[in-house]
Amino acid sequence: MYVIGLQEMNCGIMSLLSDTAFEDPWSSFFMDVLSPLSFVKVSSVRMQGLLLLFFAKHQHLPFVQILSTKSTPTGLFGYWGNKGGVNICLKLYGYYISIVNCHLPPHMANNDQRLEHFDRILEMQNFEGRDIPNILDHDLILWFGDMNFRIDDFGLHFVRESIKNRRYSDLWEKDQLSIAKRHDPLLREFQEGPLLFPPTYKFDKNSNNYDTSEKKRKPAWTDRILWRLKRQPQANPQTQRPPAPHFFLSLRSYVSHMMYCVSDHKPVTSTFDLELKPLVSTPPITLMPEGLWTMENDMLISYSLTPDFPSSPWDWIGLYKVGLRHINDYVSYVWVRDNQVSFSDGLSQVYFNTSDIPETEGQFLLCYYSNNLHSVVGISKPFKIQPGSFLAEDPLGESQPHI
């Protein structure tokens, strides 16, 4: 899986209007890069210059349920989204995960304000009226972004000399986020990898030189990646051993990337290993394309569903080429209820009109999209469609599903 967060994107009115009507350029770029590697864009949320993207390999899609996307503005007394956070809440193999991308207030003197905004964003991640636990009861919180924490006390010369000589540990004790974690019990529960890379702000654009403008801002680790695992139950007094964790996250790397110069910040990435015992191991829908698919005959799709699956008249099955970028990339689709031909013993069949399928080579797969769960809940194995004579598109021009 890939989780990608950007801050300070172009958020002029024309850019926002264009990105509402079309895919924003950054999302399109990441989809172009990741789709050939079998990653699909599962969800995204944007608030002005903040963008959060979540990608997963297509085999995981039936086990990823998007529960909520949310924006929390904290700029201009909570009315303006130039600062704040965006959140994707999801279930992964039955576990609750919240992902937050934030942009906190800048400047050395605004440390208390940064902490207030952090708390405000956390408080606003509530899910009243929905069967979703409080964010602090989620199995994992990933929290990252331009947090804007600075390095206190030390002068500019000392900071730059420490960076030049790679003595980063000399600066850790005055890092504002590290100081705050020592005093704030909740913030202390968030973990972070060691800062073994140069401070990521502020650089002259298109260079690796720290700020040479008149302001000569002091370098700082403004761009951070934190995570928090759910509190584990206390050990049994009789055994004195805590229960075995079924959900374990370990940090593999935490680095900055100095080669990128399009911003006055340097991007930061973390790589994690996530080990879990699935709470859900069977997809809600199992799809089975029947027989040999050709371009000349309507074909049947059989599927079975779990007893507790909340079906809807607006559920649909999409046909995709392998390498799809996101769920709207279907080649064709059918509404499940409108095209159902049989139902018995938990097995249903729908027919697929092949006249909707453009003649093309390559492998395909089927995805079942649940309107109630707002997620893909079933995916077939890849298969081929045998070529035939080209048939015109369906003249009925039915409305298309859109996520």
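Please refer to the structure higher up on the page.
The following paragraphs examine the structure supplied in this document.

Reading the values: the criteria
- Residues numbered from 1 in each chain as written.
- Predicted model: local features only at pLDDT ≥ 70, side-chain atom pairs only at ≥ 80, totals over all residues.
- Heavy atoms only, no water.
- Helix = DSSP H or I, 4+ residues; strand = E, 2+ residues; numbered from the N terminus.
- Buried < 20%, exposed > 50% of the residue type's maximum accessible area, 1.4 Å probe, protein only.
- Contact = heavy atoms within 4.5 Å.
- Areas by Shrake-Rupley, 256 points an atom, 1.4 Å probe, with all protein chains shown as cover.
- Polar contact = N/O pair within 3.5 Å; in protein donor to acceptor, adjacent residues only side chain to side chain.
- 1 Å grid on protein atoms, 1.4 Å probe; cavity = no way out; pocket = protein on both sides within 12 Å on 5 of 7 lines; lining within 4 Å.
- Points joined across faces, edges and corners; volume = space filled by probe spheres on them.
- Nonpolar A, V, L, I, M, F, W, Y, C, P; charged D, E, K, R; others polar.
- Phe/Tyr/Trp six-rings, centres within 6.5 Å; stacked < 30°, edge-to-face > 60°.
- Lys NZ or Arg CZ within 6 Å of the ring centre and 35° of its normal.
- Pairing = 2+ DSSP bridges.
- Axes fitted to C-alpha atoms, helices over the stretch in contact; angles between N-to-C directions.

As for the overall build of the protein
Then, number 1: Each helix and strand counted, the protein has seven helices and 19 strands in total.
Then, number 2: Residue burial in the protein is summarised as follows: out of 403 residues, 46% are buried.
Then, number 3: Intrachain contacts of the protein at a sequence separation of at least 6 include 65% that bridge at least 24 residues.
Then, number 4: If you sum the accessible surface of the protein, you get close to 20,900 Å²; carbon and sulfur atoms cover 53% of it.

Regarding the side chain of Thr74
Then, number 1: Locating Thr74 in the fold gives a position in strand β4 (residues 64-75).
Then, number 2: For Thr74, a relative accessible area of 8% gives the class buried.
Then, number 3: At 3.2 Å, the side chain of Thr74 forms a polar contact with the backbone nitrogen of Gly84.
Then, number 4: There is a polar contact of 2.9 Å between the side chain of Thr74 and the side chain of His117.

A word on the layout of surface pockets
One way to see where empty space is left: roll a probe the size of a water molecule over the atoms.
Then, number 1: Taken as a whole, the largest pocket encloses approximately 1,900 Å³ of empty space.
Then, number 2: Along its surface, the largest pocket is lined by 49 residues, and Val3, Ile4, Gly5, Val268 and Thr269 are the ones closest to its centre.
Then, number 3: Among the elements of the structure, β1 (2-6), α2 (25-34), β5 (80-92), β6 (95-103), β7 (140-146), β8 (223-229), β9 (247-256) and β10 (268-276) are those that each provide at least two residues to the lining of the largest pocket.
Then, number 4: A per-element tally of the lining of the largest pocket places β10 first, with eight residues.
Then, number 5: Within the lining of the largest pocket, the residues separate by chemical class into 30 nonpolar, ten polar and nine charged.

Focus: the packing of aromatic side chains
Working definition: an aromatic ring pair is given by the centre-to-centre distance plus the angle between the planes.
Then, number 1: Considering all chains together, one arrives at 21 aromatic pairs under this definition.
Then, number 2: Ring centres 5.4 Å apart and planes at 25° place the aromatic pair Trp316 and Tyr369 in the stacked group. Taken together, the residues Trp316 in strand β13 (residues 316-321) and Tyr369 in strand β17 (residues 363-370) connect sequence positions 53 residues apart. Note on accessibility: Trp316 and Tyr369 belong to one class, buried.
Then, number 3: Measuring from ring centre to ring centre gives 5.9 Å for Tyr333 and Trp335, while their planes differ by 85°; the resulting arrangement is edge-to-face. Across the pair, exposure class does not vary: Tyr333 and Trp335 are buried alike.
Then, number 4: One aromatic cluster in this structure is built from Trp314, Trp316, Tyr330, Tyr333, Trp335 and Tyr369.
Then, number 5: Taking NZ or CZ as reference, Lys266 lies 4.8 Å from the ring centre of Phe203, over its face.

Regarding the sheet that holds strand β2 (residues 39-47)
Then, number 1: Judged by pairing direction, the sheet is antiparallel, and its three strands sit side by side in the order β1-β3-β2 without closing on themselves. Taken across any chain shown, the strands that pair with only one partner, and hence form the sheet edges, are β1 and β2. Pairs of neighbouring strands in the sheet enclose a mean axial angle of 15°, with direction left out of account.
Then, number 2: Alignment of β2 against strand β3 (residues 50-57), held across eight bridges, turns out to be antiparallel. Bridge pairing in β3 places Ser44 opposite Leu53.
Then, number 3: Sitting on the sheet, α2 is in contact with β1, β2 and β3, with an inclination near 20° to β3.

Side note on the sheet that holds strand β12 (residues 299-305)
Then, number 1: Taken in spatial order, the four strands make up an open sheet running β11-β12-β16-β15, and their pairing is antiparallel. Of all strands in the sheet, those with a lone pairing partner are β11 (285-289) and β15 (340-344), marking the two edges. Going from strand to strand, the sheet's axes swing by 20° on average, the running direction of each strand aside.
Then, number 2: As defined by bridge partners, β11 adjoins β12 across five bridges and the pair is classed as antiparallel.

Description of the side chain of Ser68
Then, number 1: If you trace the backbone, Ser68 turns up in strand β4.
Then, number 2: Judged by relative accessible area, Ser68 falls into the buried class, the value being 11%.
Then, number 3: Leave out the neighbours within four places in its chain, and Ser68 touches Asn87, Ile88, Cys89, Phe127 and Arg130.

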